[in-house]
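Next come the chains, spelled out residue by residue.
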Amino acid sequence: MTNNYSEKFEKMKVAGKLASQTLDMITNYVKAGISTEKIDKLCYVYIRDNGGHSAPLYYRGYKKSLCTSLNHVICHGIPSDRILEEGDILNIDVTAIVDGYHGDTSRMFGVGKISVKAKNLIDTTFNSMMNAIKILKPGIKLGDIGYEIQSYVEDKGYSVVRDFCGHGISNTFHEPPNILHYGKKNVGQELKPGMTFTIEPMINAGKYESKLLNDGWTAVTKDKSLSSQYEHTLGITENGYEIFTESVKDCTKPPYN
């Protein structure tokens with residue numbers, strides 16, 4: 001079907017595919033003994049060598065190609081010489097730009113054998129994102145997305161981070177509307193065909209409060225509880241949705257095999 005957003009969707013699919021393939025590529029490297037800095041460099045080279053460039057690099061002064069958020073880091077963890085250890089959980093957040101359009105996605109990784117507590121948190125986070133995606137279609141409200149995530153997560157005994165949210169995205173990295181991961185049914189802006197945005201719930205094992213570290217980027221749980229996040233970029237079609245950042249290797253929740 002031809003419509004006034006077909007070209008945008010096609011370009012975003014290309015960028016989204018590169019972002020998801022980058023996470024597919026890095027999966028086999030996420031093991032005890034590797035640094036998050038090394039993960040950053042591998043992903044930078046992969047994106048560059050496959051016709052894209054990394055949106056986070058130099059964005060508002062950020063000096064790395066992606067975000068690596070470990071354990072109690074909610075989001076925007078900065079790659080460093082920190083070596084991954086058995087039992088760590090890690091979110092890798094990649095945004096690729098191809099032909100001016102963005103594909104933004106993140107996944108959780110377990111390093112070796114992770115705790116049941118960590119696995120349950122990761123599973124809940126992924127399921128909450130997919131539950132919200134499955135209801136998407138023209139006519140529903142943004143509050144319906146937040147309600148779907150919040151009600152599912154809180155029923156499991158976890159909390160939804162309030163200080164960060166999903167966002168509109170296309171040829172701009174961050175644009176309206178904000179996509180809150182908590183909310184009430186039938187409240188907020190109505191979804192319309194052609195809208196493109198991210199859904200990226202950040203879920204804490206403890207309370208939802210966060211704090212920002214002195215580096216100006218890294219957000220952590222205030223109570224030092226574990227945190228988990230998943231993210232897809234998607235578009236609203238005439239009668240539903242299309243995910244631009246699905247894994248071609250069917251990598252969803254760890255372990256990825």
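Residues numbered from 1 in each chain as written. Predicted model: local features only at pLDDT ≥ 70, side-chain atom pairs only at ≥ 80, totals over all residues. Heavy atoms only, no water.

1. Remarks on the pairing of strand β9 (residues 196–199)
1) Next: A two-sided burial pattern is seen for β9, the buried positions comprising T196 and T198 on one face and F197 and I199 on the other.
2) Next: Relative to strand β14 (residues 232–236), β9 is paired through 4 bridges, and the arrangement is antiparallel. Bridging across to β14, F197 finds its partner in L234. (Buried < 20%, exposed > 50% of the residue type's maximum accessible area, 1.4 Å probe, protein only. Helix = DSSP H or I, 4+ residues; strand = E, 2+ residues; numbered from the N terminus. Pairing = 2+ DSSP bridges.)

2. Re the sheet that holds strand β10 (residues 202–204)
1) Next: One open sheet accounts for 3 strands, arranged β6-β10-β13; its pairing is antiparallel. Since the sheet does not close on itself, it has two edges, and those belong to β6 (159–160) and β13 (227–229), each with one partner.
2) Next: Of the strand pairs in this sheet, β10 and β13 are connected by 3 bridges, and their pairing is antiparallel. The residue of β13 that forms the bridge with N204 is S227.
3) Next: Its contacts with the sheet put helix α3 (residues 116–134) on β10 and β13, and the angle it makes with β13 is roughly 35 degrees. (Contact = heavy atoms within 4.5 Å. Axes fitted to C-alpha atoms, helices over the stretch in contact; angles between N-to-C directions.)

3. Some remarks on the pairing of strand β4 (residues 89–98)
1) Next: Most of β4 sits out of view: 10 of its 10 residues are buried.
2) Next: Of the two faces of β4, the one lined by I89, N91, D93, T95 and I97 and the one lined by L90, I92, V94, A96 and V98 are each fully buried.
3) Next: Here 2 bridges tie strand β1 (residues 53–54) to β4, and the two strands are oriented antiparallel to one another. In the strand pairing of β4, S54 is matched with A96.
4) Next: Hairpin connection, β4 to strand β5 (residues 101–110): the antiparallel pair is bridged by 2 residues, and D99 has positive phi, about 55 degrees.

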